[in-house]
Amino acid sequence: MRLEILPVLGIGDVTEGDDLAALIATAAPWLRDGDVLVVTSKIVSKAEGRLVDVPADGPDRLAARDEVLAGETARVVATRGATRIVQTHHGFVMASAGIDASNVDKTRLVLLPEDPDASARALRAALRERYDLDVAVIVSDTMGRPWRNGLTDVALGVAGMPAIRDHRGEIDPYGNELQLTQMAVVDELAGAGELIKGKCDQVPVAVIRGYLGGARDDDTGARALVRDASLDLFSMGTAEAHAAGLRAAATLADGPGPTPADPAAVDRAIAVVAEVVAPGTVFTHVTDQDVRAGLVATVPGWPASATGLVLGTAPAPVDPADLVRFGADLQRLRTALAAEGVPSALLPPPPGSTASAALAV
């Protein structure tokens, strides 16, 4: 395969209502069937009127931008200082919902196209019907990547080709069947197009020649790239996940679960709080069956189904401050247990023990 990446020069500034098909066909009369057009989402948004007016500067501008961001946000993923990583109504996870203030008047903000797949299909159809061109269209925008510095262009919308090249079931040269390999080819092509478009060169369209032998219809669009929430292992930021765990912990039943607690999970919960408890507080994980049997017999309300337990041992609190600190330590432990999926119940300490309290898990 031999690929060429060609800039489309001379499009100029795009304004609301402009005919993108005419602008592109006029600027690139050399287009051929089978070419892939990589079109910056910003000119699509401008042509479709996806702009909002905001103050040019000052606190009012920040307040207006926050209001616009809230309207474009389906779910907040992570917040750090002024940075907001959100999921848009399209399903994309990106900084500031893709709202852009570059290459536009200072009193306006550019939003993402309302339906980038539909925008790509409309542009492809116009080029085919009016200029007899059978091309694929990718609507692209810039995104960051988790765990990696730097930005790259990715596809927000696509028409005329599949978004993903699925290699599953194919056999590699060593005879191994590929199980997981699905290549996001439209993202790769979007990144390739960005190499010649740049951010300050006013080249909003690139053409990639040689990838397709002939454009193919495919109505799946770029939505095929959005990972289903049930398969997303990193669906929120660390602080947000911690807060969600605390909220979930508040809804857990006050009692041990129907099945024995995983000893490793209990030990992990103890380790989480061990370094922040008040001096003198010690948590001991006890799983001895004889001890459990004694507790069932001697401690009122101790559940017979609890096969493990945690004793909160400390010098008996003698003043109110010590009692408050110890109570806070117990609550931290119950929260850590809940984060591990281990429900618990606070019960009286065993008779004759030095424990101040006990948790059934």
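Scroll up to find the structure.
All figures in this text were calculated on a predicted structure; none of them were measured in a lab. (Residues numbered from 1 in each chain as written. Predicted model: local features only at pLDDT ≥ 70, side-chain atom pairs only at ≥ 80, totals over all residues. Heavy atoms only, no water.)

### Comments concerning the overall build of the chain
Under the convention used in this document: Helix numbering and strand numbering both begin at the N terminus, where a helix is a DSSP run of H or I of at least 4 residues and a strand a DSSP run of E of at least 2. The size measure is the radius of gyration over C-alpha atoms, and the globule rule it meets is 2.2 Å times the number of residues to the 0.38 power. Relative accessibility thresholds used throughout: buried, under 20% of the residue-type maximum; exposed, over 50%; partly exposed, between the two (1.4 Å probe, protein chains only). By definition in these notes, contact holds between two residues if any of their heavy atoms fall within 4.5 Å. In summary, the charge assignment counts Lys and Arg as positive and Asp and Glu as negative, without counting His or the chain termini. Just so you know, the charge point we use is NZ for Lys, CZ for Arg, CG for Asp and CD for Glu.
A tally of regular secondary structure across the chain gives nine helices and 16 strands. Compactness check: the chain gives a C-alpha radius of gyration of 30 Å against a globular reference of 21 Å for 361 residues, more than 25% above the reference. C-alpha extents for the chain along the principal axes are approximately 90 × 60 × 30 Å. Here the chain holds 361 residues, and the buried ones make up 40% of them. Counted over contacts in the chain with a minimum sequence separation of 6, partners at least 24 positions apart contribute 66%. Within the chain, the 48 negative side-chain charges are centred at a point lying 2 Å from the centre of the 32 positive side-chain charges.

### Here's the deal with the pattern of salt bridges
The line we're drawing: Criterion for a salt bridge: a side-chain nitrogen of Lys or Arg within 4 Å of a carboxyl oxygen of Asp or Glu.
Evaluation of the coordinates by the stated rule reveals twelve salt bridges. Here R80 makes a salt bridge to E240, at a shortest N to O gap of 3.3 Å. Taken as a pair, R80 in strand β4 (residues 73-80) and E240 in helix α6 (residues 238-249) lie far apart in primary sequence, 160 residues in all. Classification of R80 by relative accessible area gives partly exposed; the value is 43%. The exposure class assigned to E240 is buried, which follows from its relative accessible area of 18%.

### Notes on the side chain of T88
Put simply, the test is: Nitrogen and oxygen atoms within 3.5 Å of one another constitute a polar contact, given that in protein one can donate a hydrogen and the other can accept it, and given that sequence-neighbouring residues count only through two side-chain atoms.
Along the chain, T88 falls in strand β5 (residues 83-88). Residue T88 is classed as buried on the basis of its relative accessible area of 2%. One polar contact links T88 to H90, side chain to side chain, over a distance of 2.9 Å. With near-sequence residues (within four places) excluded, T88 lies in contact with E72, A74, M94, A97 and L112.

### Points about the environment of V38
With respect to the helices and strands, the residue V38 is situated in strand β2 (residues 36-40). For V38, a relative accessible area of 0% gives the class buried. Spatially, the C-alpha atom of V38 lies 8.6 Å from that of A155, the residues being 117 residues apart in sequence. Once residues within four sequence positions are removed from consideration, V38 is found in contact with I138, S140, L189, A190, K197, P204, V205, A206 and I208.

### Considering the packing of aromatic side chains
What counts, and what does not: Stacked, tilted and edge-to-face are the three classes assigned to paired rings of Phe, Tyr and Trp, where Trp is represented by its six-membered ring and a pair needs centres within 6.5 Å; plane angles under 30 degrees give stacked, over 60 edge-to-face, the rest tilted.
A complete count under the given rule lists one aromatic pair for this structure. Judged by centre distance (5.0 Å) and plane angle (80 degrees), the ring pair of W147 and F234 falls under edge-to-face. In this pair, W147 is assigned in the loop between β8 (136-145) and β9 (148-159) and F234 in the loop between β12 (205-209) and α6, connecting sequence segments 87 residues apart. In this pair, the class of W147 matches that of F234, namely exposed.

### Topic: the layout of surface pockets
So the rule is basically this: For each structure, a 1 Å grid was placed over the protein atoms alone; sets of points admitting a 1.4 Å probe that cannot get out are labelled cavities, open sets with protein on both sides within 12 Å along at least five of seven lines are labelled pockets, and lining residues have an atom within 4 Å of a point. Grid points are joined across faces, edges and corners, and a volume is the space filled by probe spheres set on the points. Here the nonpolar group is Ala, Val, Leu, Ile, Met, Phe, Trp, Tyr, Cys and Pro; Asp, Glu, Lys and Arg are the charged ones; every other residue, Gly included, is treated as polar.
By volume, the second largest pocket amounts to about 270 Å³. As for the second largest pocket, its lining consists of 13 residues, and the residues nearest its centre are H242, V272, T335, A336 and A339. Class assignment of the residues belonging to the lining of the second largest pocket gives a composition of seven nonpolar, three polar and three charged.

### Describing the nonpolar core
The criterion, for reference: Residue types Ala, Val, Leu, Ile, Met, Phe, Trp, Tyr and Cys, when buried and joined through side-chain atoms within 4.5 Å, form a set referred to as a nonpolar core.
Counting residues in hydrophobic clusters, the biggest one holds 26 residues, and the most contacted among them are I24, L37, V39, L123, L127 and V205. Secondary structure elements with two or more residues in this core: α1 (20-27), β2, α2 (41-48), α4 (116-131), β8 and β12. A per-element tally of this core places α1 first, with five residues. Look past the residues within four positions of V39 in its chain and what remains in contact with it is I24, V44, L123, V137, I138, V139, S140, K197, P204 and V205.

### Quick notes on the pairing of β9
What counts here: Two strands pair if DSSP finds at least two bridges between them.
As paired strands, β8 and β9 are joined by nine bridges and run antiparallel to one another. Paired with T142 across the two strands is D153, which belongs to β9. Where β8 hands over to β9, the hairpin turn is made up of two residues, of which W147 adopts a positive phi near 70 degrees.

### Side note on the pairing of β4
Pairing geometry for β4 and β5, over six bridges, is antiparallel. Note that in β5 the partner of T79 across the bridge is R84. In this structure, the hairpin formed by β4 and β5 is closed by a connection of two residues, where G81 is found at a positive phi of approximately 60 degrees.

### A short note on helix α5 (residues 185-197)
The test is simple: Helix span, as expected, comes to 1.5 Å for every residue beyond the first.
Under the 1.5 Å per step criterion, the end-to-end length of α5 is 18 Å for 13 residues, consistent within 8% with the ideal 18 Å. For α5, the full list of buried residues reads V185, V186, L189, A190, G191, A192, G193, E194 and K197. G198, located one to two residues past α5, shows a positive phi value of around 70 degrees.

### Considering the sheet that holds β12
Hydrogen bonding along the main chain pairs the strands of a sheet, whether they run parallel or antiparallel. Rule in force here: Only C-alpha atoms enter the line fits that serve as axes; for helices the fit covers just the stretch in contact. Angles between N-to-C directions range over 0 to 180 degrees.
As summarised here, the arrangement of the five strands in space is β1-β12-β2-β8-β9, forming an open sheet in which the pairing is mixed. Strand pairing shows two members of the sheet lacking a second neighbour, β1 (4-7) and β9, which therefore form its edges. Strand-to-strand twist in this sheet, taken as the mean axis angle between neighbours without regard to direction, amounts to 30 degrees. Contacting β1, β2, β8, β9 and β12, α5 runs over the sheet at an angle of about 115 degrees to β9.

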